[in-house]
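# Fold and contact review
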Amino acid sequence: MSKTQLRRGLTLGDAFREFLRHPSPWMIGTALALALIARILVGDWQLSDALLPVVMLAVFPAFEWVVHVMVLHWRPKRIGPIALDSELARKHRQHHVDPRNIPLIFIPTRSLVFVIVALLAITAFAFPRLGLGLTFLLTITVLGLGYEWTHYLIHTDYKPKRALYKAVWRNHRHHHYKNEHFWFTVTSSGTADRVFGTYPDPAEVPTSPTARNLHGAQV
């Protein structure tokens, strides 16, 4: 299948097979599997192991919003000879230029390596016991894999069949094709965007001339 997926009648199975051809699902999935095995081996289950995933699930839309706004939509800056522009921001600008280019949909491999290393450090040092840290790692990798799948699926030709997914699909499509200053959540619709004031009535929002060229910058 080409980098730009132009297929009518795409099935969920077709989409999933293409999904598995890319590195990030395997990287996140491997981290998830290892976290699950380690969590089972460590044991030490406590009430906090049940509460933490619930809290993380509730907070995830806001986390997603903040990362999208502050990291992915980072406006390149220069301090003297030093350019401040991460790989994540650069790749995301390219993703806006060509939203149907499949490799650009996924988290870049090099950046994902750094993210996984950071998550391992948080797991090991940020919690009062290893078991709770592993619960964190297991939960965040489940959420991360769900994010990658949802984001990927939205950008394929798979058509929404359920109302919930259709709302999510429409939300992200508005962000790419209507106005890049709104609709920042990806795996949910109207959650954090409502809280942060970025969920307007699409009929009242002008089409942005830079939705496909963030900040009017060169990519």
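The protein chain is annotated in an unreviewed UniProt entry as Fatty acid hydroxylase superfamily protein from Nocardia amikacinitolerans.

### Side note on the environment of proline 160
Its place among the elements puts proline 160 in the loop between α6 (130–154) and α7 (163–177). The spacing of proline 160 and phenylalanine 19 is 141 residues in sequence and 17 Å in space, taken between C-alpha atoms. Setting aside chain neighbours within four positions, we find proline 160 in contact with Tyr165, Lys166 and Trp169.

### So, helix α4 (residues 87–97)
Burial in α4 covers these residues: Glu87, Ala89, His92, Arg93, His95 and His96. At its buried positions, α4 is contacted by α3 (47–72), α5 (109–125), α6 and α7.

### A look at helix α2 (residues 23–42)
Helix length check: α2, at 20 residues, gives a terminal C-alpha distance of 28 Å against a target of 28 Å (1.5 Å per residue), a fit within 8%. For α2, the set of buried residues is Ser24, Pro25, Ile28, Ala31, Leu32, Ala35 and Arg39. The buried residues of α2 all sit within an arc of 135° when viewed along its axis, so they share a single face. Opposite its buried face, α2 presents the exposed residues Trp26, Leu34, Ile40 and Leu41, each directed more than 90 degrees away. Residues of α2 that are buried sit in contact with α1 (12–19), α3, α5 and α6.

### A short note on the pattern of salt bridges
Tallied over the entire structure, the rule returns eight salt bridges. With its nearest N and O atoms 2.8 Å apart, the salt bridge here joins aspartate 14 to arginine 17. Within this pair, aspartate 14 and its partner arginine 17 are both found in helix α1, separated by three residues, close to a single helical turn. Among the ionic pairs, arginine 110 bridges to glutamate 87, the shortest N-O distance being 3.6 Å. With a gap of 23 residues between them, arginine 110 in helix α5 and glutamate 87 in helix α4 connect regions that are remote in the sequence. One salt-bridge network, held together by shared partners, links Arg39, Asp44, Asp49 and Arg129.

### A short note on the nonpolar core
With 27 residues, the main nonpolar core has Met56, Phe106, Phe136, Ile140, Tyr152, Ile154 and Tyr165 as its most contacted residues. Broken down by secondary-structure element, the contributors of at least two residues to this core are α1, α2, α3, α6 and α7. Contacts of phenylalanine 136, omitting those with residues within four sequence positions, involve Leu52, Met56, Leu119, Ile122, Thr123 and Phe127.

### Observations concerning the packing of aromatic side chains
A complete count under the given rule lists 13 aromatic pairs for this structure. Seen from their ring centres, phenylalanine 182 and tryptophan 183 are 5.7 Å apart, and the 65° between their planes marks the pair as edge-to-face. Overall, the relative accessible area of 22% leaves phenylalanine 182 in the partly exposed class. Looking at tryptophan 183, the relative accessible area reads 1%, which means it is buried. Pairwise contacts between aromatic rings join Phe16, Phe19, Phe106, Trp149 and Tyr152 into one cluster. A cation over a ring is seen here: arginine 39 above tryptophan 45, with NZ or CZ 3.8 Å from the ring centre. Residue placement shows lysine 77 over the ring face of tryptophan 74; its charged tip is 4.1 Å from the ring centre.

### Topic: the UniProt feature "transmembrane region" (unreviewed entry) in the protein chain
Using the residue numbers shown here, the UniProt feature "transmembrane region" (unreviewed entry) corresponds to residues 26–45, 51–72, 102–127 and 133–154. The distance from the first to the last C-alpha atom of residues 102–127 is 37 Å, and the span holds 65% helix and 0% strand. In the segment residues 133–154, helix accounts for 100% and strand for 0%; the C-alpha atoms at its two ends are 31 Å apart.

### A look at the UniProt feature "domain: Fatty acid hydroxylase" (unreviewed entry) in the protein chain
Sequence positions flagged by UniProt for "domain: Fatty acid hydroxylase" (unreviewed entry) are, in local numbering, residues 54–198. In the segment residues 54–198, helix accounts for 63% and strand for 4%; the C-alpha atoms at its two ends are 25 Å apart.

Basis of the calculations
Residues numbered from 1 in each chain as written. Predicted model: local features only at pLDDT ≥ 70, side-chain atom pairs only at ≥ 80, totals over all residues. Heavy atoms only, no water. Helix = DSSP H or I, 4+ residues; strand = E, 2+ residues; numbered from the N terminus. Contact = heavy atoms within 4.5 Å. Buried < 20%, exposed > 50% of the residue type's maximum accessible area, 1.4 Å probe, protein only. Expected span 1.5 Å × (residues − 1). Arc of directions from axis to C-beta. Salt bridge = Lys/Arg side-chain N within 4 Å of Asp/Glu carboxyl O. Core = buried A, V, L, I, M, F, W, Y, C linked by side-chain atoms within 4.5 Å. Phe/Tyr/Trp six-rings, centres within 6.5 Å; stacked < 30°, edge-to-face > 60°. Lys NZ or Arg CZ within 6 Å of the ring centre and 35° of its normal. UniProt positions renumbered as here; feature names shortened; annotations may be inferred.

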